[in-house]
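Residues per chain, in single letters:
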Amino acid sequence: MAIARAELLYPFAKEQLTQLIASYPKLKEIVWVQEEPRNMGAWSVMQRRMPELLPKGVELGYIGRPPRASTGEGYAVAHTKEQERIVLTTLMGRADPA
């Protein structure tokens with residue numbers, strides 16, 4: 001498992017991401033992980049931009065909060081549990097399909 005961080009959405013770092021992806025010749029999956037709900041945050045941009053960079057056979061997945069009308073959980077305990085789920089799901093490698 002390798003972790004990379006996208007610093008900017010614009011301008012899109014196509015060359016840097018392409019080089020990073022190419023540095024993992026046995027790559028099978030790239031997973032976008034974020035704290036925000038699926039319908040918010042950077043995922044809405046990256047799910048459209050990343051597929052063009054993926055080599056044949058490499059899948060794109062998502063780990064984060066499900067789509068919501070609100071950015072927050074509403075309760076600190078619920079937020080902590082959801083945050084824990086996101087981290088553990090990421091470390092165990094169980095992404096949702098994009």
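Before reading on, note that the structure itself is shown above.
A few points on the structure. Quantities reported herein were computed from a predicted structural model and do not represent experimental measurements.

### Description of helix 3 (residues 76-92)
Phase 1: With 17 residues, helix 3 should cover 24 Å at 1.5 Å per step; its first-to-last C-alpha distance of 24 Å lies within 8% of that length.
Phase 2: Those residues of helix 3 that fall on the buried side of the exposure criterion are Glu-82, Ile-86, Thr-89 and Thr-90. Angularly, the buried residues of helix 3 cover 100 degrees about the axis, an arc narrow enough to put them on a single face. Away from the buried face of helix 3 by more than 90 degrees, exposed residues Ala-76, Val-77, Lys-81, Leu-91 and Met-92 are located.
Phase 3: Contact partners of the buried residues in helix 3: strand 1 (29-37) and strand 2 (59-65).
Phase 4: Following helix 3 by one or two positions, Gly-93 adopts a phi angle in the positive range, close to 75 degrees.

### Structural notes on the nonpolar core
Buried together is how nonpolar side chains tend to be arranged in soluble globular proteins.
Phase 1: With 14 residues, the main nonpolar core has Ile-30, Met-46, Met-50 and Leu-54 as its most contacted residues.
Phase 2: Of all the secondary structure elements, the ones that give two or more residues to this core are helix 1 (14-22), strand 1, helix 2 (43-49) and strand 2.
Phase 3: Non-local contacts of Leu-54, meaning those with residues more than four positions away in its chain, are made with Ile-21, Ile-30, Glu-59 and Leu-60.

### Side note on the pattern of salt bridges
Phase 1: With the rule as written, the count across this model stands at three salt bridges.
Phase 2: Its salt-bridge partner being Glu-7, residue Arg-5 comes within 3.1 Å of it at the nearest N-O pair.
Phase 3: Taking the relative accessible area as the measure of exposure, Arg-5 reaches 69% and is therefore exposed.
Phase 4: A salt bridge links Arg-85 to Glu-82, with the nearest nitrogen and oxygen atoms 2.7 Å apart. Here Arg-85 pairs with Glu-82, and both are found in helix 3, just three residues apart, close to one helical turn.
Phase 5: A relative accessible area of 32% places Arg-85 in the partly exposed class.

Calculation notes
- Residues numbered from 1 in each chain as written.
- Predicted model: local features only at pLDDT ≥ 70, side-chain atom pairs only at ≥ 80, totals over all residues.
- Heavy atoms only, no water.
- Helix = DSSP H or I, 4+ residues; strand = E, 2+ residues; numbered from the N terminus.
- Expected span 1.5 Å × (residues − 1).
- Buried < 20%, exposed > 50% of the residue type's maximum accessible area, 1.4 Å probe, protein only.
- Arc of directions from axis to C-beta.
- Contact = heavy atoms within 4.5 Å.
- Core = buried A, V, L, I, M, F, W, Y, C linked by side-chain atoms within 4.5 Å.
- Salt bridge = Lys/Arg side-chain N within 4 Å of Asp/Glu carboxyl O.

So yeah, pure geometry; function would need other evidence.
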